[in-house]
Amino acid sequence: MNGALAVLRRELKAYFYSPLAYVILTFFLAIQGYYFSVIVAFLADPRFPGGKPLELFFGQTIFTWLVLIFAGTFLTMRLLSEEFKSGTIETLMTAPVSETQVVLGKYLAALLFYLFLWAPTLIYVAVVRAFTPVDWGPVAASYLGIVGIGALFLAIGIFASATSKNQIVAAIVTFFCLLVLFSVGLMENLVNGATAKAILGHLNLWTHMDDFAKGIVDSRRLVYYASGVGFFLFLTTRALAARKWR
Amino acid sequence: MIEAHDLTRQFGSFTAVAGVSFAVADGEIVGMLGPNGAGKTTTLRMITGFLPPSSGRVTLGGRDLFGDDVALRREIGYLPENVALYPEMRVEEYLVWRGHLEGMERGLLRRRLAEVLERCLLADVRRQIIGTLSKGYRQRVGLAGAFLHDPRTLVLDEPTVGLDPKQIIAIRELIRELGRERTLLLSTHILPEVELLCGRVLIIDRGKIVAEGTPTELRERWLGALGVEVEFGAAAPGQRDALLALPGVETAEAHGDGRRFVLGCALGADPRAEIFRLAVARDWTLVELSPTRASLEDIFVRLTTHDEIEAQRAEVAS
């Protein structure tokens, strides 16, 4: 697994050497910070019913999803596209590393950067803790949901990146796929058939995240994310190997 | 020892390489010549394991490169065409990364890194960001990366492209050194380079090997015998007959004011020494004696310009 580690390390460096990482970090924190302050202001207003700030931060609103979908798109778009475009893929694939090692290394780098992106939001938890007791279970569950859904999104993103040498095309494909994946579950409320409703209900990421924010962890959902990650990473290794059959 | 067995590569309905077979032995430098689009790069991509052939095999010391053993790729160092590097990395950092990718152990990597930086004349830019380097330096970083892990086989796709004349000399010297202890295959379209570096030449055209041999063999086979130009200080009677009488001389044409001759020689014959002795014996001042040896360039042009010839023929026929 040395090869995967070498790929992982280079990829992490590549994030921090490029302005992209800092732009993403800045906007991510600006949006999250603004959003958190809006929630706090909302809950502080005596005219509105009270609530738990962290539950609102992670669930029940569209903000979380905007952040997740954009992060999934921007963090992955260049992972493989850039290698194809610049030709560095030749160096990589003539080294004694397998397609699986390359894909794993790059994916884990994206995942680590994604975690790094979310890490500062722990400050919000600390802020809330400073004024009121925090129920740690739902907080942990929320982060579990963020990591699980994020992992799935990143896997879809890296797959899209393996299908094109153009980063923009990869980004558009990822964005579209994530939008579909997100909205297909919302159709739950629009269909009438009991079976369709049940199936879409299982796929409804919105309710998944709401539940995580309330502290409900359904292991079937974790299995869903994990198998999705496995499936798309497998597709990515196949797409990388597909250069051979073209 | 790297061997290509009947390599064929198709892209859709286009056949880029059609049944190419050759072997490169240890300590041998083989040059691959061919016009653009002849299939050089595709062949090299197959030889290095990047692109599996549609049919045929590549073996490295008898073992199949496209088998399950990914570690076999460690024995090949590859400098791809247009040297793709990561522009945001520093030279040394990039080379260390290549070492990690090859699974080199720390101490060995440190030693090899120092050696490679020095041999590729990169020591003074080791801390520079690759994106800020000139083409010549980037080429050398790529070359350094290719032999950092000390592979037994080196494959270089146009290694001297984009270098200035001084750098070209330095890199050729390095290639010659590297070829001494390794199997080395390089592609180029700079013909003098092949003559200077390579013990053997493969001329490839439209996906096929059209000629193979040492530069000398190719010359003899494809352009026949040597020609010699002789010029004496002054014309004298009997010069032409005396030249014609020499062994190996078949034709002698007089040029200019009658003291200059262009000789056609028999295959394999080289009458230059006899010409010199003749001039001394007859007291004729020799002011020029030069071989008009066909260059590889002539052979190359002859072998690869059939497109135009065929097009002309087709035009005439219609």
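The model shown is predicted, which means the values in this text are computed figures rather than measured ones. Numbers given to residues run from 1 along each chain, matching the order in which its sequence is written. Working convention: letters from A go to chains and numbers from 1 go to ligands, in the order in which they are written. Under the rules for a predicted model, residues below a pLDDT of 70 receive no local features and side-chain atom pairs below 80 are neither given nor counted, while totals for whole chains, interfaces and linings still include all residues.

Asker: Help me understand the interface of chain B and chain A in this model?
Answerer: A common way to express how large an interface is: the accessible area buried when the components associate. For the purpose of contact definition, each residue receives a C-beta atom placed from its backbone, and two residues are in contact when these atoms lie within 7 Å. Taken together, the contact pairs 23 residues of chain B with 20 residues of chain A. Helical segments are the DSSP runs of H or I of at least four residues, strand segments are the runs of E of at least two, and each set is numbered from the N terminus. Elements with a minimum of two residues in the side of chain B that touches chain A: β6 (76-79) and α2 (91-101) of chain B. When residues in the side of chain B that touches chain A are grouped by element, the largest group, three residues, is from α2(B). Here the side of chain B that touches chain A is built from residues that sort into 14 nonpolar, five polar and four charged. Each residue receives one of three labels: charged for Asp, Glu, Lys and Arg, nonpolar for Ala, Val, Leu, Ile, Met, Phe, Trp, Tyr, Cys and Pro, and polar for the others, Gly being one of them.

Asker: What should I look at first to understand the sheet that holds strand β5 (residues 63-64) of chain B in this one?
Answerer: Within a sheet, adjacent strands bond to each other through the backbone by hydrogen bonds, running parallel or antiparallel. Residues and elements named next belong to chain B. We call two strands paired when DSSP finds no fewer than two bridges between them. The strand order across the open sheet formed by four strands is β2-β1-β4-β5, and the pairing between neighbours is antiparallel. Sheet topology places β2 (14-24) and β5 at the edges, where each strand pairs with a single neighbour. Bridge analysis of strand β1 (residues 2-11) against strand β4 (residues 55-60) gives five bridges, and the strand direction is antiparallel. For E3, the partnering residue across the bridge sits in β4 and is T59. In this description, a line fitted to the C-alpha atoms serves as the axis of each element, helices being fitted only across the stretch in contact, and the angle between N-to-C directions of two axes falls anywhere from 0 to 180 degrees. Contacts between helix α1 (residues 40-47) and the sheet are confined to β1, β2 and β4, with β1 contributing the most and set at about 120 degrees to the helix.

Asker: Could you clarify how one ought to interpret the packing of helix α9 (residues 136-162) of chain A against helix α10 (residues 167-186) of chain A in this entry?
Answerer: Two numbers describe a pair of packed helices, the interaxial angle and the distance between the axes. Residues and elements named next belong to chain A. At a minimum axis separation of 8 Å, α9 and α10 run at an interaxial angle of 145 degrees. For the crossing formed where α9 meets α10, the hand is right-handed. Across the interface between the two elements, F153, I156, G157, A160 and S161 of α9 pack against A170, V173, T174, C177 and L178 of α10. When grouped by side-chain class, the residues that make up the contact of α9 with α10 number seven nonpolar, three polar and no charged. Handedness of a crossing is defined here by the sense of rotation of the near helix relative to the far one, left-handed for an anticlockwise turn of less than a right angle and right-handed for a clockwise turn.

Asker: Would you explain the confidence of the model for chain A in this entry?
Answerer: Segments scoring low in pLDDT should not have their predicted coordinates read at a detailed level. Values of pLDDT, ranging from 0 to 100, describe the predictor's confidence in every residue of the model. When pLDDT is averaged along chain A, the result is 89; 98% of the residues meet or exceed 70. Mean pLDDT across the elements of chain A bottoms out in helix α3 (residues 53-58) of chain A (83) and peaks in helix α7 (residues 99-118) of chain A (95).

Asker: In this structure, what is going on with the nonpolar core? I would like to understand it.
Answerer: The nonpolar side chains of a soluble globular protein tend to be buried, and buried together. What makes a nonpolar core is a set of buried Ala, Val, Leu, Ile, Met, Phe, Trp, Tyr and Cys residues, with links drawn between C-beta atoms within 7 Å. Here exposure depends only on C-beta density: within 10 Å of a residue's C-beta, 20 or more other C-beta atoms make it buried, 12 or fewer make it exposed, and intermediate numbers make it partly exposed, the C-beta atoms being placed from the backbone. In terms of nonpolar packing, the biggest core is built from 122 residues, with A110(A), L154(A), A155(A), I158(A) and A144(B) touching the most fellow members. Counting residues per element, this core draws most heavily on α9(A), at 13 residues. Beyond its immediate sequence surroundings of up to four residues, I158(A) is in contact with T76(A), L79(A), L80(A), V103(A), K106(A), Y107(A), A110(A) and T236(A). In terms of nonpolar packing, the next biggest core, distinct from the first, is built from twelve residues, L226(B), V230(B), L243(B) and V249(B) among them.

Asker: I would appreciate a short explanation of the domain arrangement of chain B in the present structure.
Answerer: Marked domain ranges trace back to an automatic or database domain assignment. Domain boundaries in chain B define domain 1 (2-220) and domain 2 (225-291). Summarising the inter-unit geometry, the C-alpha centres of domain 1 of chain B and domain 2 of chain B are found 45 Å apart.

Asker: Is there a simple way to think about the sheet that holds strand β8 (residues 183-188) of chain B in this case?
Answerer: Residues and elements named next belong to chain B. Strand order in the open sheet made by the six strands is β6-β7-β8-β3-β9-β10, with mixed pairing throughout. With one partner strand each, in any of the chains shown, β6 and β10 (208-213) form the two edges of the open sheet. Neighbour-to-neighbour, the strand axes of the sheet open up by a mean angle of 15 degrees, direction not taken into account. Strand direction decides the pairing type here: strand β7 (residues 153-157) and β8, joined by five bridges, are parallel.

Asker: What should I look at first to understand the pairing of β10(B) in this one?
Answerer: Successive side chains on a regular strand alternate, one facing one side of the sheet and the next facing the other. Residue and element names in this part refer to chain B. Of the strand pairs in this sheet, strand β9 (residues 200-205) and β10 are connected by five bridges, and their pairing is antiparallel. In the sheet register, I203 faces β10, and the bridge partner there is A211. Connecting β9 to the antiparallel partner β10 that follows it, the hairpin turn spans two residues, and R206 within it adopts a positive phi of roughly 45 degrees.

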